Each structure stands twice: as structure tokens, then as C-alpha cells.
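Residue strings, one per chain:
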Protein chains: 2
Amino acid sequence: MLSKKTKYGIKALTYIARQPSKKPVQTAEIAENENISHKFLESIMVQLRKSGFLGAKKGKGGGYYLIKDPAEIRMTAVIRILEGPIAMVPCVSLNYYEKCDDCKDEETCSVHQLMIQVRDSTLKVLGNNTLADITKDKEEGS
Amino acid sequence: MLSKKTKYGIKALTYIARQPSKKPVQTAEIAENENISHKFLESIMVQLRKSGFLGAKKGKGGGYYLIKDPAEIRMTAVIRILEGPIAMVPCVSLNYYEKCDDCKDEETCSVHQLMIQVRDSTLKVLGNNTLADITKDKEEGS
DNA sequence: TTAATAACCTACTATTCCGATAGGTTAATA
DNA sequence: TATTAACCTATCGGAATAGTAGGTTATTAA
């Protein structure tokens, strides 16, 4: 299950990416429009800034703005920062690997084998989707 | 993240499927070999039995046995019973759908769009894998 | 018929994490 | 100098997870 943190984070990034101008966007505005707890969102924005996705400006007219081109922001990166591992089991995680303490042999573990496949297919989808991709409203006819 | 419950459940099913004979297997044996808390595993087995995956026999020589052919048991079914929804967000779940209370319009929600893709790719993998598939040890060279 | 076995049932609990709240501090603008 | 909005620290209730404990029922074998 995706945490609200990640969900809100992606929504906020999308909100900013959809802005016509490049002026900073306030968390209060995003929170209101996306029905997110303001304070909770603030903590998420700080994390996204510290991770290099956003820049911030204080005071009146301040807010958050994108640092990179939306087409350069892969969903894998966003989710890894906000959610943590993409894999459903630590023993198949590429970035957050951890050995199972119950499992003797990963090679013969059925869960391991299966979860590698799930991880790879998920990785493919998230790696192919950038912020630019998910920002555009629905695919319009070809 | 996959719960231990689901992980243990899959391991137990695999353990039984790997048995050479069709005799019932005791939870104590599985628990010991797979390093699972016995009592915890018991509760999982009961659930798998009630869901129609396993049969049970009490008393000496008793235990659990598979009811269906392993090739007929899809991982989607097992995971839906033990873990719940496969989708990462309730609003894209096929079997456990729930509307987000923050989201006004699913169509324009970037998270929604993205998670549909993740769901579909995961579903594909889990739907293509049966208990028979994950039971066999590693693919041997062609 | 009795003892042993193993599934089954109910209840409780410790720990962790999530989502949020509260209240204040710093920096930039008007 | 006042206002604004990011930033920081601390706290907290509730839910879920992963288990523990202790007993009951049904089946088998001696």
C-alpha cells in the first residue's frame, strides 16, 4: 500500500509542474486544492527539497518550485525517497537490500523468485514514467 | 511491503506442494523448516483452509494438504486472500475498490493514472505465476 | 477406552508506524 | 517594521503487525 506521504508528495509535484508560470507555489495553496493537511504537506515538501527535487523561497511570494525538468524526474526516484524500497520484500530490493532472517537460501525461496519478477515489472513502469508523463491530463486520441 | 503473513503463507503452500507424497503436512514441520513462529503459522493455515486452498486432517498423521492442482492456484488469488488488495492505492483496486476522500477527480489524478499502470503490470506477473511455477527450483538452462 | 496428536479457537499484547497536530523560529518581502 | 511562508522540534492517537498464551475439538493408535 502506498503511504499518504508518497501520494501527497506526487500530487504536490504534479500540482507544481502543472503551473503555467514558474513562480513559487505555496504549500497552503497546494494543501487546500488537493485536500491535504497543511502541516503534513509541509514536512513532505521539506523532504522533497532536501532530496533535490524542489527549491524553496521564504517570505511573501515565496513557496516551492521545481529545480529540474519534469521530464528528468523519474517516478522511481520520487518513490524511493518518499516511500523507501520499491520491492515488496527487502531481500529483492536493489537500493534497500536486507537479508531475510528466516530464509536459508534465497535461490530456492519461492517468494524471492516471485518478488523479483514483481519488482522488475514495477520498476519498468515507474522508470518509464516521469513527472512530465503523469502531469499531462489523460491521453488524448492518437 | 509484503506482510510476513503473506510471505509465510506462500512459503507454506510451496513447502506442501514440494512434498513427494500427498500425505498431510503438519504445521509444526513447516514452521521448523521455514523458521516461522508455529502459532502464527497456524492462524495462516486456517485462513488458507477456509479460503479453499487447503484441506485439513486432525489427529496423528494429520496436517494440511493441497486441494487443487498447484498449476491451478494463481498467485493473485493467494495474495488477495492473505494480503488484501494488489493495487497500491484503493482507488485503482479491482477487488477492493474505495474512493479517495481527498481526490476530486480520478481522471485527472496523476497518482491514479500511474498506479493503474503499476497494478496492471503486477497483476500480469502474479496472474501468470501459479503455485506450480514458483515451486520448481530455479530455471535450469534450456 | 484411553492417551497422544495436531488442528482449531479465542483472547491478549508489545511494538511499530502512520498521519496528523501544535507551537514556535528563521528568512524574505512590502 | 509587519507580514508572509518556509522551516524545525516535539508530541500523539489509532491502527496494524507479528506474535504469545492457553485452552478445545477431532482423529488416530496403543
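The residue count restarts for each chain, going from 1 along the sequence in the order it is written. Chain letters start at A and ligand numbers start at 1, both assigned in the order the entries are written. A pLDDT threshold of at least 70 governs which residues receive local features in this predicted model, and a stricter bar of 80 or more applies before side-chain atom pairs are shown or counted, although totals over entire chains, interfaces and linings include all residues. With hydrogens and water excluded, all non-hydrogen atoms of the structure serve as input to the side-chain values.

This next bit is on the interface of chain B and chain A. You'll often see interface size given as the accessible area lost when the parts meet. Any two residues whose heavy atoms approach within 4.5 Å at even a single point are treated as in contact. Contacts between the two partners involve 41 residues from chain B and, on the opposite side, 41 residues from chain A. In total, chain B and chain A occlude about 3600 Å² of area from one another, counting both sides; carbon and sulfur atoms represent 59% of this. Its largest share of buried area at the contact with chain A, chain B owes to Met1(B), Asp102(B) and Leu114(B), together 17% of the area lost on that side. Whenever Lys or Arg places a side-chain nitrogen within 4 Å of a carboxyl oxygen from Asp or Glu, that contact is recorded as a salt bridge. Here chain B is connected to chain A by four salt bridges. Here Lys11(B) makes a salt bridge to Asp102(A), at a shortest N to O gap of 2.7 Å. Within 3.5 Å is the distance limit for a polar contact, defined as a pair of N or O atoms, with the added protein rule that one can donate a hydrogen and the other accept it, and that residues adjacent in sequence qualify only through two side-chain atoms. Across the contact surface, chain B and chain A share 16 residue pairs in polar contact (both at pLDDT 80 or more). Element by element, the count of residues in the side of chain B that touches chain A is highest for helix H5 (residues 110–128) of chain B, at eleven residues. Classification used: nonpolar for Ala, Val, Leu, Ile, Met, Phe, Trp, Tyr, Cys and Pro, charged for Asp, Glu, Lys and Arg, polar for all others including Gly. For the side of chain B that touches chain A, the per-class residue count stands at 21 nonpolar, ten polar and ten charged. Buried area, as used here, totals the accessible surface that two parts lose on assembly, with accessibility defined by a 1.4 Å probe and the loss added over both. Strands are runs of DSSP state E lasting at least two residues, helices are runs of H or I lasting at least four, and both sets are numbered from the N terminus onward.

On to the protein's contact with DNA strand C, then. Within the structure, DNA strand C sits among 26 residues, and Lys4(A), Lys39(A), Lys57(A), Arg49(B) and Tyr64(B) are positioned closest to it. Proximity is defined per residue: if any heavy atom of the residue lies within 4 Å of a molecule or strand, that residue is considered near it. Sugar plus phosphate, as a fraction of atoms of DNA strand C within 4 Å of the protein: 72%. Lys58(A) has a polar side-chain atom sitting 3.3 Å from a sugar or linking oxygen of DNA strand C. Here a phosphate oxygen of DNA strand C sits 3.0 Å away from a polar atom, N or O, in the side chain of Thr27(B). Contributions of two or more residues to the surface near DNA strand C are made by helix H1 (4–17) and helix H3 (38–50) of chain A together with helix H3 (38–50), strand S1 (54–57) and strand S2 (63–66) of chain B. In terms of residue count, the dominant contributor to the surface near DNA strand C is H3(B) (five residues). Its residues placed into classes, the surface near DNA strand C shows six nonpolar, seven polar and 13 charged.

Turning to the protein's contact with DNA strand D, a few remarks are in order. Taken together, 26 residues surround DNA strand D, and among them Thr27(A), Arg49(A), Tyr64(A), Lys4(B) and Lys39(B) come closest. Backbone polar atom of Gly59(A) to a sugar or linking oxygen of DNA strand D: 3.4 Å apart, as the coordinates give it. Lys4(B) is positioned such that a nitrogen or oxygen atom in its backbone is 3.2 Å from a phosphate oxygen of DNA strand D. Going through the elements one at a time, H3, strand S1 (54–57) and strand S2 (63–66) of chain A together with helix H1 (4–17) and H3 of chain B are the ones with two or more residues in the surface near DNA strand D. Here the surface near DNA strand D gets five residues from one element, more than from any other, and that element is H3(A). The class makeup of the residues in the surface near DNA strand D is six nonpolar, seven polar and 13 charged.

Now for H1(A). Residues and elements named next belong to chain A. Helix length check: H1 (14 residues) gives 20 Å between terminal C-alpha atoms against 20 Å at 1.5 Å per residue, within 8%. Only protein chains enter the accessibility calculation, which uses a 1.4 Å probe; a residue is then buried when its area is under 20% of its type maximum, exposed when over 50%, and partly exposed in between. Along H1, eleven of the 14 residues are buried, which leaves the element largely enclosed by surrounding structure. Those residues of H1 that sit buried are Thr6, Lys7, Tyr8, Gly9, Ile10, Lys11, Ala12, Leu13, Thr14, Tyr15 and Ile16. Take the residue count of a helix, subtract one, and multiply by 1.5 Å to get its expected span.

Another aspect to go through is unusual backbone geometry. Of note in the backbone geometry, Asn35(A) takes a positive phi value of approximately 55° without being a glycine. Among the structural elements, Asn35(A) can be located in the loop between helix H2 (27–34) and H3.

Residues and elements named next belong to chain A. In this fold, Thr6 is placed in helix H1. Here Ser3 takes part through its side chain, which lies 3.1 Å from a polar atom of the side chain of Thr6. Residues contacting Thr6, with those up to four places away along its chain left out, are Ile79, Leu82 and Glu83.

What follows is about the packing of H1(B) against H3(B). All names here are of chain B. Axis definition: a line fitted to C-alpha atoms, over the contacting stretch in the case of helices. Angles run 0 to 180 degrees between N-to-C directions. For the pair H1 and H3, the least separation of the axes is 10 Å and the interaxial angle reads 70°. With respect to H3, the element H1 is oriented roughly perpendicular. Counted together, Lys4, Lys5, Tyr8, Gly9, Ala12, Leu13 and Ile16 of H1 and Phe40, Leu41, Ile44, Met45, Gln47 and Leu48 of H3 form the full contact between these two elements. Considered class by class, the residues forming the contact of H1 with H3 number nine nonpolar, two polar and two charged. By definition in this entry, angles of less than 35 degrees are roughly parallel, angles greater than 145 are roughly antiparallel, angles of 65 to 115 are roughly perpendicular, and the rest are oblique.

Turning to the domain arrangement of chain A, a few remarks are in order. Residue and element names in this part refer to chain A. Where each domain starts and ends comes from a domain assignment, either automatic or drawn from a database. Domain annotation for chain A reports domain 1 (4–66) and domain 2 (70–135). Tallying the contact residues gives 14 residues for domain 1 and eleven residues for domain 2. Buried surface at the junction of domain 1 and domain 2, summed over both partners, amounts to about 1200 Å²; 77% is from carbon and sulfur atoms. Remark: the boundary between domain 1 and domain 2 carries zero salt bridges. Seen at the junction of domain 1 and domain 2, the total is three residue pairs in polar contact (both at pLDDT 80 or more). Those elements giving two or more residues to the side of domain 1 that touches domain 2 turn out to be H1 and H3.

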